[in-house]
Amino acid sequence: MCIPMDTIRTKMVAPGGEALGGVIGVARHMIQTEGLFSLYKGLVPSLISMAPSGAVFYGVYDILKMAYLHSPEGKRRISMMKQQGQEANALDQLELGTVRTLLYGAIAGCCAEAATYPFEVVRRQLQLQVKATKMNALATCLKIVDKGGVPALYVGLIPSLLQVLPSASISYFVYELMKIVLKVE
């Protein structure tokens, strides 16, 4: 559902995109010149990257969380939390504490973003292609590497990481907090 809007946004910010007249104008132009499925350019790399992104995101967070909870400091925190019981507020009931939950979420998000960022670069390139020079995802990836080497698959990673940092940290914080508030294990 989101891919067409992402494709339209990519076209709008590309050189010449502003001349197409906003979201509706870009969508109309793409459908008229390339067909309805042109709105789904980059779907394959997006779908392929979902599983590894989730695995890295949740895996890294879980590894960091378990390492802390098994450390002497983590064991002390859990022991103190058990003594306080339900009397503590929701923030004090966070196993990792507020700062550590936010930090570990940010680290996990950055790891997931860095691991799957080449798919994002390929997807964006697919979205910018025109019908005359259209290539599949693999050919696009090979072209990117041929022109700029493997580092070309990571162009723009830093701004993307800066966007992911707050998003991932807040996501994990809210997730952990809601488990406490809703009393979900």
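Numbers given for residues are sequential positions, taken from 1 along each chain in its written order. Selection of residues for local features in this predicted model requires a pLDDT of at least 70, selection of side-chain atom pairs for listing and counting requires 80 or more, and totals for whole chains, interfaces and linings are taken over all residues. Excluding hydrogens and water, the side-chain values take into account all heavy atoms of the structure.

- Looking at an unreviewed UniProt entry, one finds the protein chain named Mitochondrial adenine nucleotide transporter BTL3 and attributed to Aegilops tauschii subsp. strangulata.
- According to the UniProt record, the Sequence similarities (unreviewed entry) comment for the protein chain is "Belongs to the mitochondrial carrier (TC 2.A.29) family."
- UniProt positions are given in the numbering used here, feature names are shortened, and annotations may be inferred rather than shown by experiment. According to UniProt, the comment filed for the protein chain under the heading Subcellular location (unreviewed entry) is "Membrane".

Some thoughts on the pattern of salt bridges
In step 1: We count a salt bridge whenever a side-chain nitrogen from Lys or Arg sits within 4 Å of a carboxyl oxygen from Asp or Glu. Tallied over the entire structure, the rule returns 10 salt bridges.
In step 2: The salt bridge partner of Asp-6 is Arg-9, with a shortest N-O separation of 2.5 Å. You can see Asp-6 and its partner Arg-9 sitting in helix α1 (residues 3-13), 3 residues apart, about one turn around the helix.
In step 3: Three labels apply to residues, based on accessible area from a 1.4 Å probe with only protein chains included: buried if under 20% of the type maximum, exposed if over 50%, partly exposed otherwise in between. Residue class for Asp-6 comes out buried when judged on its relative accessible area of 14%.
In step 4: Judged by its relative accessible area of 43%, Arg-9 is partly exposed.
In step 5: It is possible to trace a salt-bridge network through shared partners that takes in Asp-6, Arg-9, Glu-120, Arg-123 and Arg-124. Counting from the N terminus, the helices are the DSSP runs of H or I reaching at least four residues and the strands are the DSSP runs of E reaching at least two.

A short note on the side chain of Glu-34
In step 1: Within the fold, Glu-34 resides in helix α2 (residues 22-34).
In step 2: Residues adjacent in sequence count toward polar contacts only when both atoms are side-chain atoms; beyond that, a polar contact is any pair of N or O atoms within 3.5 Å, and within protein one must be able to donate a hydrogen and the other to accept it. At 2.7 Å, the side chain of Glu-34 and the side chain of Lys-41 are in polar contact.

Regarding the packing of helix α3 (residues 43-69) against helix α7 (residues 157-181)
In step 1: Note on geometry: axes are C-alpha line fits, over the in-contact stretch for helices, and angles between N-to-C directions span 0 to 180 degrees. Interaxial distance between α3 and α7 falls to 13 Å at its minimum, and their mutual angle equals 65°. Crossing of α3 against α7: the hand is right-handed. Contacts between α3 and α7 involve Phe-57, Tyr-58, Tyr-61 and Lys-65 on the former and, on the latter, Ala-168, Tyr-172, Glu-176 and Lys-179.
In step 2: By the convention adopted, Pro, Cys, Tyr, Trp, Phe, Met, Ile, Leu, Val and Ala count as nonpolar, Lys, Arg, Asp and Glu as charged, and the other residues, Gly among them, as polar. In terms of residue class, the contact of α3 with α7 is made up of 5 nonpolar, no polar and 3 charged. Helix crossings get a hand from a simple test, with the near helix turned counterclockwise from the far one by less than a right angle marking a left-handed crossing and a clockwise turn marking a right-handed one. Note on contacts: a residue pair qualifies if any of its non-hydrogen atoms lie within 4.5 Å across the two residues.

Description of the layout of surface pockets
Empty space left among the atoms is revealed by rolling a probe the size of a water molecule over them.
In step 1: Points on a 1 Å grid, built from protein atoms alone, make a cavity when a 1.4 Å probe fits but cannot get out and make a pocket when they are open with protein on both sides within 12 Å along at least 5 of 7 lines; residues with an atom within 4 Å of a point are the lining residues. Grid points are joined across faces, edges and corners, and a volume is the space filled by probe spheres set on the points. Within this model, the largest pocket holds a volume of roughly 1000 Å³.
In step 2: Looking at the lining of the largest pocket, the elements with two or more residues in it are α1, α3, α5 (98-128) and α7.
In step 3: Across the lining of the largest pocket, the residue classes break down as 13 nonpolar, 11 polar and 6 charged.
In step 4: One number sums up the size of the second largest pocket: a volume of about 530 Å³.
In step 5: The wall of the second largest pocket is formed by 18 residues, among which Met-81, Gln-93, Glu-95, Ile-180 and Glu-185 lie closest to the centre.
In step 6: Among the elements of the structure, α4 (72-84) and α7 are those that each provide at least two residues to the lining of the second largest pocket.
In step 7: Taken together, the residues of the lining of the second largest pocket break down into 6 nonpolar, 4 polar and 8 charged.

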